[in-house]
Amino acid sequence: MKTVKVRKTVIGEGRPKICVPILGKNKEELLSEVDELKQLDVDVVEWRMDWFDDIMDHSKACAMLHTLREALGDMVILATFRTKQEGGEKAIQKEDYVALYHDIIMSKDADLIDVELFFGEEEVKTIVKDAHNHQVAIVMSNHDFVKTPSCDEIVARLKTMQERDADISKMAVMPQSKVDVITLLSATNIMYEQFADRPIITMSMAKDGIVSRICGEVFGSAMTFGAATKASAPGQVAAKDLKNMVEMLHKSLKEE
């Protein structure tokens with residue numbers, strides 16, 4: 001199993017890493033969220049670019065990212081434009097998506113970028129190649145805010161991400177029942193034990209899925225998402241509480 005080292009953080013080793021999204025619409029809101037983050041001990045900050053009012057002006061987007069880099073110091077930054085069809089705030093044209101990520105990559109201020117598996121095969125291939133040519137790691141993702149696909153389908157999508165040269169594969173699904181949460185955890189375990197050669201991230205959303213955000217290490221998930229001021233997805237719990245629970249479980253697993 002490969003790990004992904006970004007700055008001082010190794011994803012895929014030890015306890016699942018804690019990632020906290022920041023969702024400000026402008027510089028003032030984002031820096032206010034960063035001030036909140038500094039009171040927490042988290043591993044990764046996800047800048048949800050789709051919330052930023054000026055994101056379509058790439059010079060302003062890159063300037064904002066640079067400001068975040070200076071404010072966050074050596075903390076890992078994951079830059080994400082979550083599209084409308086996968087639960088994000090804005091729709092975006094394919095050429096704009098590729099161009100935005102190119103400029104973010106070239107800024108050298110993001111350590112990781114999130115690329116959606118189903119955005120377009122050629123577009124994804126272009127972004128992955130661009131990122132890897134400039135030593136930026138890829139989190140390839142898929143989000144289903146309606147349902148939980150079958151166990152086989154979840155595994156198939158994670159395998160496809162790996163085949164398309166993701167550094168980290170990520171799936172988030174919506175449970176319609178508690179059994180759906182078990183499906184997600186089972187698929188995670190199958191992928192981790194039988195097919196994964198690099199880190200994977202999985203979660204079941206909403207209240208029923210909260211357990212998946214806490215116990216991911218048992219099944220093979222390498223990162224979990226918590227909230228600092230506001231959640232970016234249903235079921236995110238406070239980052240401080242999440243870290244305490246994840247660390248408690250990690251310690252117990254090591255003792256065994």
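Refer to the preceding data block for the structure.
These numbers were taken from a predicted model, which means no experiment stands behind them.

**Q** How would you summarise the sheet that holds strand β3 (residues 17-22) if you had to cite specific residues and measurements?
**A** Ordered in space as β9-β8-β7-β6-β5-β4-β3-β10, the eight strands form an open sheet in which the pairing is parallel. The sheet is open, and its two borders are formed by β9 (200-204) and β10 (223-225), each paired with just one other strand. For this sheet the average axis-to-axis angle between neighbouring strands, irrespective of direction, equals 25°. For β3 and β10, the ladder comprises three bridges, and the chain directions are parallel. Residue pairing for β10: Ile18 is matched across the bridge by Thr224. Each of β6 (112-116) and β7 (137-144) is contacted by helix α4 (residues 121-133), which is oriented at about 150° to β7, the strand it contacts most. Those strands touched by helix α5 (residues 151-163) are β7, β8 (168-173) and β9, and its axis lies near 150° from that of β8.

**Q** Hey, could you go over the nonpolar core for me, with residue numbers and the actual values?
**A** One finds Trp47, Met49, Leu68, Ile104, Ile113 and Ile138 to be the most contacted residues of the largest nonpolar core, which totals 60 residues. Looking at this core element by element, the count peaks at six residues for helix α2 (residues 58-72). If near-sequence neighbours (up to four positions away) are discounted, Ile104 is found in contact with Met49, Cys62, Leu65, Ala79, Ala110 and Ile113. Counting residues in hydrophobic clusters, the runner-up holds 19 residues, among them Val76, Leu112, Ala172 and Met203.

**Q** I'd like a description of the pattern of salt bridges, backed by residues and values.
**A** Following the criterion strictly, the structure yields 17 salt bridges and no others. In this structure, Glu121 and Arg164 form a salt bridge, with 3.9 Å as the shortest nitrogen-oxygen distance. Of the two residues, Glu121 is situated in helix α4 and Arg164 in the loop between α5 and β8; the sequence distance between them amounts to 43 residues. With a relative accessible area of 48%, Glu121 lands in the partly exposed category. Where Arg198 meets Asp165, a salt bridge forms, and the shortest distance between an N and an O atom there is 3.8 Å. One end of the pair, Arg198, is in the loop between α6 (178-195) and β9; the other, Asp165, is in the loop between α5 and β8, with 33 residues separating them in the sequence. Given the relative accessible area of 10%, Arg198 is considered buried. Residues joined by salt bridges that share partners form a network here, namely Arg15, Asp41, Asp43, Lys243 and Glu247.

**Q** Please give an account of the side chain of Asp144 that cites residues and values.
**A** Its location among the elements puts Asp144 in strand β7. Within polar-contact distance, the side chain of Asp144 engages the backbone nitrogen of Val146 at 2.9 Å. If near-sequence neighbours (up to four positions away) are discounted, Asp144 is found in contact with Pro149, Ala172, Val173, Met174 and Met205.

**Q** How would you sum up the pairing of β7? Please name residues and give values.
**A** Burial of β7 is extensive: eight of the eight residues sit out of reach of the surface. Side chains of β7 alternate between two faces, with Ala137, Val139, Ser141 and His143 and Ile138, Met140, Asn142 and Asp144 buried alike. Note: β6 against β7, five bridges, orientation parallel. Within the sheet, the bridge partner assigned to Ile113 lies in β7 and is Ile138. Handedness of the crossover joining β6 and β7 through α4: right-handed. Across six bridges, β7 lies against β8 in parallel orientation.

**Q** Residues and numbers for helix α3 (residues 94-107), please.
**A** Over its 14 residues, α3 runs 20 Å from end to end, which matches the ideal 20 Å to within 8%, given 1.5 Å per residue. For α3, the set of buried residues is Tyr97, Leu100, Tyr101, Ile104 and Ile105. Seen along its axis, α3 keeps its buried residues to an arc of 135°; they face one direction. Where α3 is buried, its residues touch α2, β5 (76-80), β6 and α4. Lys108, located one to two residues past α3, shows a positive phi value of around 65°.

Thresholds, definitions, all that
- Residues numbered from 1 in each chain as written.
- Predicted model: local features only at pLDDT ≥ 70, side-chain atom pairs only at ≥ 80, totals over all residues.
- Heavy atoms only, no water.
- Pairing = 2+ DSSP bridges.
- Helix = DSSP H or I, 4+ residues; strand = E, 2+ residues; numbered from the N terminus.
- Axes fitted to C-alpha atoms, helices over the stretch in contact; angles between N-to-C directions.
- Contact = heavy atoms within 4.5 Å.
- Core = buried A, V, L, I, M, F, W, Y, C linked by side-chain atoms within 4.5 Å.
- Buried < 20%, exposed > 50% of the residue type's maximum accessible area, 1.4 Å probe, protein only.
- Salt bridge = Lys/Arg side-chain N within 4 Å of Asp/Glu carboxyl O.
- Polar contact = N/O pair within 3.5 Å; in protein donor to acceptor, adjacent residues only side chain to side chain.
- Right-handed = clockwise from strand over helix to strand, strands pointing away.
- Expected span 1.5 Å × (residues − 1).
- Arc of directions from axis to C-beta.

Keep in mind these numbers describe shape, not what the thing actually does.
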